[in-house]
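Spelled out from the first residue to the last, the chains are:
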Amino acid sequence: MWFRILITALVCYFLGNHNGAICVSAMLHDDVRTHGSGNAGLTNFIRNYGAGRSLLVIAIDVGKAVLACLIGGMMFAPYGYELEGRVLGGLCVMLGHDFPALQSFRGGKGILSGWFIAWTVDWRIGLLIGVVFFVTYFLTQYVSLGSVLASAAFAIGFIVFHHDNLLVMLGGIFMGALCLFMHRGNIVRLIKGEERKTNLFGKGKQK
């Protein structure tokens, strides 16, 4: 069992190191982290390269999140812990995305990957996160505010739907708290009224 935990953690962590924004900007002979906020996330990528080019970023970050959860579930299904395995895979791929050893520990903030981790673990939580994010964004045009509230919804969803499974609930709370932590700078700017609004369907800067 411990060997499976270690293998799952390592595989999913290094899978998370393959950050979509970094990979796609590298294809453009650039580094998204040298622009805008310096973050290797989808929002900063869209601001600088446009929404059209972000489709591949989304595909990479969604793909690795779902794959990590499925790997974790597969590893622990024989022991009757498939759901717990999916949470472990999701948690490790999120850590790899946020703190990638292969990218000098400068990664993204984990909202997109986190959303699809939630979908893979429990579709009800994925739906809750999506509703909270998009309603907030369309009302305010603040991606960061939507992300912060979605992070809180992430943790709350696991408490509501998995309070009877301590490992799954704690894993969900940790991932939601990690997303909030990664947005701490955005939270400060929102409070000060200094945060930028974002057009998720914009063209980005000309390269």
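Now for a look at the structure at hand. What you see is a predicted model, and the numbers here were worked out from it, not measured in a lab.

Inspection of the entire model under this criterion finds five salt bridges. The shortest N-O distance in the salt bridge between Arg-33 and Asp-31 comes to 3.1 Å. Among the ionic pairs, Glu-195 bridges to Arg-189, the shortest N-O distance being 3.0 Å. Since its relative accessible area comes to 30%, Arg-189 is described here as partly exposed.

Before going further, it helps to spend a moment on unusual backbone geometry. Despite not being glycine, His-29 has its phi angle at roughly 60°, a positive value. With respect to the secondary-structure elements, His-29 resides in the loop between α2 (20-27) and α3 (42-49). Residue classification places His-29 among the exposed positions, given a relative accessible area of 78%.

Here the focus is α3. Among the residues of α3, Asn-44, Phe-45, Ile-46, Asn-48 and Tyr-49 are the ones counted as buried. Taken from the residues just after α3, Gly-50 is the one with a positive phi, measuring 95°.

As a volume, the largest pocket reaches approximately 800 Å³. In this structure, the largest pocket is lined by 41 residues; those nearest its centre are Leu-42, Thr-43, Phe-133, Val-143 and Leu-200. The set of elements that each furnish at least two residues to the lining of the largest pocket consists of α3, α4 (54-76), α6 (111-121), α7 (123-140), α8 (143-161) and α10 (184-192). Broken down by element, the residue count for the lining of the largest pocket peaks at six residues, all from α7. For the lining of the largest pocket, the per-class residue count stands at 19 nonpolar, 15 polar and seven charged. Computed from the structure, the second largest pocket encloses a volume of approximately 320 Å³. What lines the second largest pocket is a set of 13 residues, among which Ile-5, Glu-84, Gly-85, Leu-88 and Leu-167 lie closest to the centre.

Time to look at the environment of Leu-112. Looking at the element boundaries, Leu-112 is found in helix α6. Judged by relative accessible area, which is 15%, Leu-112 ranks as buried. Here the alpha-carbon distance between Leu-112 and Ser-147, two residues 35 residues apart in the chain, equals 9.1 Å. With sequence-adjacent residues up to four places away left out, Leu-112 is seen in contact with Leu-42, Ile-58, Asp-61 and Val-62.

A separate point is empty space enclosed by the protein. A complete count under the given rule lists one cavity of 30 Å³ or more for this structure. Quantified by volume, the largest cavity comes out at close to 30 Å³. Taken together, Gly-110, Ile-111, Gly-114, Trp-115, Ile-129, Ala-150, Ser-151, Phe-154 and Cys-179 make up the full set of residues lining the largest cavity. Taken together, the residues of the lining of the largest cavity break down into six nonpolar, three polar and no charged.

This part covers the packing of α7 against α8. The N-to-C vectors of α7 and α8 enclose an angle of 155°; their axes lie 8 Å apart at closest approach. If you check the angle between α7 and α8, you find them roughly antiparallel. The interaxial crossing formed by α7 with α8 has right-handed handedness. For the pair α7 and α8, the contacting residues are Arg-124, Ile-125, Leu-128, Ile-129, Val-132, Phe-133, Thr-136, Tyr-137 and Thr-140 in the first and Val-143, Leu-145, Gly-146, Ser-147, Leu-149, Ala-150, Ala-153, Phe-154, Gly-157, Phe-158 and Phe-161 in the second. Counted by class, the contact of α7 with α8 contains 14 nonpolar, five polar and one charged residues.

Turning our eyes to something else, we now look at the packing of aromatic side chains. According to the stated counting rule, one finds ten aromatic pairs in the structure shown. With 6.4 Å between their ring centres and 5° between their planes, Phe-133 and Tyr-137 make a pair best called stacked. Pair noted here: Phe-133 and Tyr-137 are both in helix α7, with a separation of four residues, about one helical turn. Tyr-137 matches Phe-133 in its accessibility class, with the two residues each being buried. Clustering of aromatic rings is evident, with ring pairs tying together Trp-115, Phe-116, Trp-119, Phe-133, Phe-134, Tyr-137 and Phe-138. In this structure, Arg-184 packs its charged tip against the face of Phe-181, placed 4.0 Å from the ring centre.

Here is what the cut-offs are and how they apply
- Residues numbered from 1 in each chain as written.
- Predicted model: local features only at pLDDT ≥ 70, side-chain atom pairs only at ≥ 80, totals over all residues.
- Heavy atoms only, no water.
- Salt bridge = Lys/Arg side-chain N within 4 Å of Asp/Glu carboxyl O.
- Buried < 20%, exposed > 50% of the residue type's maximum accessible area, 1.4 Å probe, protein only.
- Helix = DSSP H or I, 4+ residues; strand = E, 2+ residues; numbered from the N terminus.
- 1 Å grid on protein atoms, 1.4 Å probe; cavity = no way out; pocket = protein on both sides within 12 Å on 5 of 7 lines; lining within 4 Å.
- Points joined across faces, edges and corners; volume = space filled by probe spheres on them.
- Nonpolar A, V, L, I, M, F, W, Y, C, P; charged D, E, K, R; others polar.
- Contact = heavy atoms within 4.5 Å.
- Axes fitted to C-alpha atoms, helices over the stretch in contact; angles between N-to-C directions.
- Parallel < 35°, antiparallel > 145°, perpendicular 65-115°, else oblique.
- Left-handed = near helix turned anticlockwise from the far one by under 90°.
- Phe/Tyr/Trp six-rings, centres within 6.5 Å; stacked < 30°, edge-to-face > 60°.
- Lys NZ or Arg CZ within 6 Å of the ring centre and 35° of its normal.

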